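Summary of the model geometry
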Amino acid sequence: ASIEASFDAIYLLETKKDKNGEIIDFLIKDLNANAQKQLSYSRKELVDKGIYQFLPESIRDSYFEKFKYVALSGKAFESEFNMSSHTEDSDWYYLQVVPLSNGIAVYNRDISERKKSEDEISRLSMIAQKTSNAVAITDANGHIVWVNEG
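In this text the structure is predicted, and so the values were computed from the model without any measurement.

Now for the side chain of Lys68. Along the chain, Lys68 turns up in helix α3 (residues 60-73). Excluding anything up to four places from it in sequence, Lys68 contacts Ile23 and Phe26.

Shown next, in the form of structure tokens:
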């Protein structure tokens, strides 16, 4: 019930091992509605299936190895990654993977809007810094807190 209240897509995954004890996949044991929406499959189509087949091809192998690292080492992992080409409408995600007793929990959040805002701030900062006109920023009391090089 608590995972349903999250804004994140949440997956609870159990390790699937071969006869030699090697992790060959992670079975989806539970997930919230946001995770179902993210993968575009129903709960019935996902539960007890291996996650590997549902990982986007562009990150499948590298992130599967990271999932295995978390399960084996007991150390959490987090990352931001881009799911599309470098365009204005790129899909950016924040991923956090934490160890569980017999698997991992994966938290995934769409951060595309935040990344767009960060890019815009970066561009505006560069323009303000490099313009030949003088630019000054003051605080609420009128004290200058920043001046460009112009």
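Alright, that's what it looks like, and here's the rest.
Moving on, we get to unusual backbone geometry. With a phi angle near 60°, Ser40 is a residue other than glycine that sits in the positive phi range. With respect to the element layout, Ser40 can be found in the loop between α1 (33-39) and α2 (43-46).

Spatially, five strands are ordered β2-β1-β5-β4-β3 in an open sheet, and the strand pairing comes out antiparallel. Two strands lie at the open edges of the sheet, namely β2 (23-31) and β3 (77-82), each paired on one side alone. Taken over all neighbouring pairs, the strand axes of this sheet differ in orientation by 25° on average, direction set aside. Contacts between α3 and the sheet are confined to β1 (9-17), β2, β3, β4 (92-100) and β5 (103-110), with β2 contributing the most and set at about 85° to the helix.

In this model, α3 (14 residues) spans 20 Å end to end at C-alpha, consistent with the 20 Å of a helix rising 1.5 Å per residue. In the core, the buried residues of α3 are packed alongside β1, β2, β3, β4 and β5.

Cut-off values and rules
- Residues numbered from 1 in each chain as written.
- Predicted model: local features only at pLDDT ≥ 70, side-chain atom pairs only at ≥ 80, totals over all residues.
- Heavy atoms only, no water.
- Helix = DSSP H or I, 4+ residues; strand = E, 2+ residues; numbered from the N terminus.
- Contact = heavy atoms within 4.5 Å.
- Pairing = 2+ DSSP bridges.
- Axes fitted to C-alpha atoms, helices over the stretch in contact; angles between N-to-C directions.
- Expected span 1.5 Å × (residues − 1).

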